[in-house]
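Listed below, chain by chain, are the residues.
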Amino acid sequence: MSAARARPVSEPPAPPPSAALAPALAALTVFLASGAVLMLEILAVRLLAPYVGLTLETTTSIIGAVLAGIALGAWVGGTVADRTDPQRLTVGLFVVGGTLALLTVPIVRWLGPSARGHGNLAALGVTLASLVPSAAVLSAVSPTVARIQLRDLGSSGATVGHLSAYATAGALVGTFGTGFVLVPLIPVSTAVLVIGLALAVYGLALGGYLRALAPPLAAAALLMVVATGVLAATRDSPCDADTTYHCAHVEQDVNYASGRVLVLDNVYNSFVDLDNRANLAFPYTLWLARAIDERVPAPRPQDVVFVGGGGFTLPQWLVKTRPGSHATVLEVDGKLVDLDREKLGLKTDDNLRAVVGDARAEMRHLPTASADVVVGDAFSGFTVPWQLLTREWLAEVKRVLKPGGLYAINIIDYEKMDLARAEVATLRRAFRDVQLVAAPDAGGAISPQSGNLVVLASDTPSTWNGYDPDQIGAAAFDRAVTARFASGGKLLRDDYAPVDQLLTPPDA
């Protein structure tokens, strides 16, 4: 009895090969798709910030989501390109990818509010929903174009290598163009809208050129793109302005008719009284002002460097209450300074100078022993940027301070207060005299719910008598209490400053 012969497994026939694209057209196609993915990634950081904050975890989530989309798109795109007409597939990927990019803004603004205060998993969920679909579809373009162009195994390495190089070049141009050109020029939501429309229009134009779209299908695709674009353009923005680093808006204060509150990425940043620049409503600003006044009584002029501008509340208080003083404000966000001028009546001159740039870099340009006081009040969300907390930064602060000068820094931390503890420990390594100002609990100890803590550091011992909890809501804790508080705190260095991990945010 003879053995049965195995029945051959039938496979779907491969589609007839499409004509290769002109080399320049193939290069342009992968260049645009890869560049768009990186542009959307960078813009997503700013788009998501009002809802999930701007921390190491949220930035990592965005990068991880885009990489997941790239991997998924490359895998699926290459597989599908082997089973269908790759020219039509390329056209469809651009139209669908552009449409999904247009949906990024509505998705973020629909899901974003529900993610507030729900931790990193909620932030990751919004990120995945808003970024992975468009990143995956656009990342399928490169393997699909490679499938079109491959004609000879003898030149396959060069073909794939050249396309990969063009795609990488697109990613580089998208990265640098977004950071240095697009974000400074136009609002983030508008930038996303432009990218989505450009991708869809390119897809439709490519379809017409290749005759890969029947007129009814092209008309339906155009209608879908227009409808999605209208939806994206009409979604309300939570921002008065998209500054270089923030979604910013100004609110009317509930207690003062002339009061305004600056909100950055959903965090209350500054109070400004348009009629009385000496009015300090936020408690921590009173604590910082009290330290300056106790050190040298008003109205004697002082030269003060403010690290972080926000609404310029304290710099304007200084020049208002101490005529002849000089306030130098290091503010990284030039568009925020413009918004302060437009909405909050900021006026700069020789006595109140705004220096736009990263404080760590700009501080190096300030003269040695030129400041009576340096005030640290720079924040990204609830977090002081890590490079403004390290021992190396404190060495630069000490260089700028006059002998016996004061460094006063505002920190936000709750519950475990590991970040505040680490910074106090680092300050105690740099300065001889370090004391804490914070809201006390019922027993008179530092309250874990204080939120803001002000640390006063100098090489000249001082006694701070002006902190009455009944008057300004804070007490000055002496050196011994401050030393106990700092016990076990990590030393923050340029090569080790896990600020986001140490911080306990208010919603934790």
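About the cut-offs
- Residues numbered from 1 in each chain as written.
- Predicted model: local features only at pLDDT ≥ 70, side-chain atom pairs only at ≥ 80, totals over all residues.
- Heavy atoms only, no water.
- Phe/Tyr/Trp six-rings, centres within 6.5 Å; stacked < 30°, edge-to-face > 60°.
- Helix = DSSP H or I, 4+ residues; strand = E, 2+ residues; numbered from the N terminus.
- Buried < 20%, exposed > 50% of the residue type's maximum accessible area, 1.4 Å probe, protein only.
- Polar contact = N/O pair within 3.5 Å; in protein donor to acceptor, adjacent residues only side chain to side chain.
- Contact = heavy atoms within 4.5 Å.
- Pairing = 2+ DSSP bridges.
- Axes fitted to C-alpha atoms, helices over the stretch in contact; angles between N-to-C directions.
- Salt bridge = Lys/Arg side-chain N within 4 Å of Asp/Glu carboxyl O.
- Parallel < 35°, antiparallel > 145°, perpendicular 65-115°, else oblique.
- Left-handed = near helix turned anticlockwise from the far one by under 90°.
- Nonpolar A, V, L, I, M, F, W, Y, C, P; charged D, E, K, R; others polar.
- Patch = residues over 30% accessible without salt bridge, like charges linked within 9 Å, V, L, I, M, F, W, Y side chains within 5 Å.
- Areas by Shrake-Rupley, 256 points an atom, 1.4 Å probe, with all protein chains shown as cover.

Undergrad: Would you explain the packing of aromatic side chains in this entry?
TA: By convention here, two paired aromatic rings are described through the distance between centres and the angle between planes. Under the counting rule described, the total for this entry stands at five aromatic pairs. Taken together, a centroid distance of 5.5 Å and an interplanar angle of 55° make the contact between Tyr256 and Phe271 tilted. Of the two residues, Tyr256 is situated in the loop between strand 2 (247–252) and strand 3 (259–264) and Phe271 in strand 4 (residues 267–273); the sequence distance between them amounts to 15 residues. Looking at Tyr256, the relative accessible area reads 34%, which means it is partly exposed. Owing to a relative accessible area of 2%, Phe271 belongs among the buried residues under this scheme.

Undergrad: Explanation requested: the side chain of Asn410 in the structure shown.
TA: Tracing the backbone through its elements, the reader meets Asn410 in strand 9 (residues 401–413). The class of Asn410 is buried, set by a relative accessible area of 1%. A polar contact of 3.0 Å, which involves the side chain of Asn410, links it to the side chain of Asn452. If near-sequence neighbours (up to four positions away) are discounted, Asn410 is found in contact with Tyr284, Leu288, Gly376, Asp377, Phe379, Val384, Asn452, Leu453 and Val454.

Undergrad: I would appreciate a short explanation of the sheet that holds strand 6 (residues 326–331) in the present structure.
TA: The pairing of strands in a sheet happens through backbone hydrogen bonds and is either parallel or antiparallel. Taken in spatial order, the eight strands line up as 7-6-5-8-9-11-10-12 in an open sheet, and their pairing is mixed. In the strand order of this sheet, the two ends are held by strand 7 (352–356) and strand 12 (475–477), each with one partner. Neighbour-to-neighbour, the strand axes of this sheet turn through a mean angle of 20°, independent of strand direction. In this structure, strand 5 (residues 303–307) lies alongside strand 8 (residues 371–376), joined through four bridges in parallel fashion. Across the sheet, residue Phe306 finds its bridge partner in strand 8, namely Val375. Relative to the sheet, helix 14 (residues 391–400) contacts strand 5, strand 8 and strand 9, its axis offset from that of strand 9 by approximately 140°.

Undergrad: Quick question: what am I supposed to make of the pattern of salt bridges here?
TA: Pairing between side chains of opposite charge can happen when their charged atoms approach one another. Scanning the entire structure with this criterion turns up twelve salt bridges. Between Asp303 and Lys402 there is a salt bridge, with its nearest N and O atoms 3.6 Å apart. Taken together, the residues Asp303 in strand 5 and Lys402 in strand 9 connect sequence positions 99 residues apart. What makes Asp303 partly exposed here is its relative accessible area of 25%. In this structure Lys402 comes out as partly exposed when scored by relative accessible area, which is 28%. With a shortest N-O distance of 2.2 Å, Asp433 and Arg479 are connected by a salt bridge. One end of the pair, Asp433, is in strand 10 (residues 433–438); the other, Arg479, is in helix 17 (residues 479–486), with 46 residues separating them in the sequence.

Undergrad: When you look at the packing of helix 1 (residues 23–52) against helix 3 (residues 86–102) in this model, what are you seeing that I'm missing?
TA: In helix packing, the relevant descriptors are the interaxial angle and the interaxial distance, both defined with respect to the helix axes. Packing of helix 1 against helix 3 leaves a shortest axis separation of 12 Å and a crossing angle of 20°. The orientation of helix 1 with respect to helix 3, classified from their angle, is roughly parallel. The way helix 1 lies across helix 3 gives a crossing that is left-handed. Two secondary-structure elements touch here, helix 1 through Thr29, Leu32, Ala33 and Leu40 and helix 3 through Thr90, Phe94 and Ala101. Tallied by class, residues from the contact of helix 1 with helix 3 come to five nonpolar, two polar and no charged.

Undergrad: How should I be thinking about a nonpolar patch on the surface in this particular structure?
TA: On the surface, Leu172, Phe176, Phe180, Val181 and Leu185 cluster together into a nonpolar patch covering about 570 Å² of accessible area. Relative to the helices and strands, Leu185 is located in helix 7 (residues 156–185). Take Leu185: its relative accessible area is 63%, and that puts it in the exposed class.

Undergrad: Honestly, the environment of Ala486 in this entry has me stumped. Any pointers?
TA: Along the chain, the position of Ala486 falls in helix 17. With relative accessibility at 6%, the residue Ala486 sits in the buried group. Between the C-alpha atom of Ala486 and that of Leu427, which follows or precedes it by 59 residues, the distance is 9.5 Å. In this structure, Ala486 is in contact with Arg421, Val424, Ala425 and Arg428, ignoring residues within four places of it in sequence.

Undergrad: Can you help me understand the packing of helix 3 against helix 9 (residues 215–234) in this one?
TA: At their nearest, the axes of helix 3 and helix 9 sit 9 Å apart, and the two run at 15° to each other. Here helix 3 lies roughly parallel to helix 9, going by the angle between them. Read as a crossing pair, helix 3 and helix 9 show a hand that is left-handed. Each of Val95, Thr99 and Leu102 in helix 3 lies in contact with helix 9, whose residues at this interface are Ala221, Met224, Val225, Thr228, Gly229 and Ala232. Along the lines of polarity and charge, the residues of the contact of helix 3 with helix 9 split into six nonpolar, three polar and no charged.

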